[in-house]
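Architecture at a glance
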Amino acid sequence: MKNGLHTCGPFHSASVALYGLSENLYQQRLLSEAIDMYNEYELKVKDAIKNSEDSEYIESLQKESEYYDQLFEISLANVVTLYEA
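One structure accompanies this document, and this report is about it.

Reading the values: rules and limits
- Residues numbered from 1 in each chain as written.
- Predicted model: local features only at pLDDT ≥ 70, side-chain atom pairs only at ≥ 80, totals over all residues.
- Heavy atoms only, no water.
- Helix = DSSP H or I, 4+ residues; strand = E, 2+ residues; numbered from the N terminus.
- Buried < 20%, exposed > 50% of the residue type's maximum accessible area, 1.4 Å probe, protein only.
- Contact = heavy atoms within 4.5 Å.
- Areas by Shrake-Rupley, 256 points an atom, 1.4 Å probe, with all protein chains shown as cover.
- Core = buried A, V, L, I, M, F, W, Y, C linked by side-chain atoms within 4.5 Å.
- Patch = residues over 30% accessible without salt bridge, like charges linked within 9 Å, V, L, I, M, F, W, Y side chains within 5 Å.
- Salt bridge = Lys/Arg side-chain N within 4 Å of Asp/Glu carboxyl O.
- Lys, Arg positive; Asp, Glu negative; His and termini not counted.
- Charge placed at Lys NZ, Arg CZ, Asp CG, Glu CD.

The subject of this paragraph is the overall build of the protein. When helices and strands are counted, the protein shows two helices and zero strands. Counting the 85 residues in the protein, one finds 15% classified as buried. Taking contacts inside the protein between residues at least 6 apart in sequence as the whole, the part at least 24 apart equals 53%. For the protein, the exposed surface amounts to about 6700 Å²; the carbon and sulfur share of it is 56%.

Counting residues in each nonpolar core, the largest one holds six residues, listed as Tyr41, Val45, Ala48, Ile58, Leu61 and Tyr68. Of all the secondary-structure elements, those providing two or more residues to this core are helix 1 (12–50) and helix 2 (55–84). Setting aside residues up to four positions removed in sequence, Leu61 forms contacts with Tyr41, Lys44, Val45 and Ala48.

With that settled, the discussion passes to unusual backbone geometry. If you check the backbone angles, Ser52 has positive phi at about 55° while not being a glycine. When you line up the elements, Ser52 lands in the loop between helix 1 and helix 2. The exposed category is assigned to Ser52, whose relative accessible area is 62%.

A grouping of Leu18, Leu21 and Leu25 is seen on the molecular surface, where their side chains present a nonpolar patch of about 290 Å² in accessible area. Locating Leu25 in the fold gives a position in helix 1.

The subject of this paragraph is the side chain of Ser65. For Ser65, the location among the structural elements is in helix 2. Leave out the neighbours within four places in its chain, and Ser65 touches Tyr38, Tyr41 and Glu42.

Here we come to a negative patch on the surface. On the surface, a cluster of negative charge is made up of Asp47, Glu53, Asp54, Glu56 and Glu59. Within the fold, Glu53 resides in the loop between helix 1 and helix 2. Relative accessible area serves as the criterion here: at 39%, Glu53 is assigned to the partly exposed category.

Structure, rendered in structure tokens:
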């Protein structure tokens with residue numbers, strides 16, 4: 001047994017499945033957080049534009065929104081390459 005996972009025997013396939021499940025849950029959590037943060041900043045940008053806030057403030061919110069969009073893209077690319085291998 002290595003790191004709590006069976007490496008051979010009748011429980012090997014269950015260990016592999018459990019490891020795969022844990023990776024999937026982790027990836028889902030990361031994607032969910034990235035989407036939530038992106039949506040939050042998109043709403044902040046829209047509210048700032050609607051309330052005629054300072055242009056520097058709006059630009060900073062847009063940069064943060066783009067940052068979270070890029071995080072989402074990276075997370076999504078990692079999920080896709082994980083299952084293509």
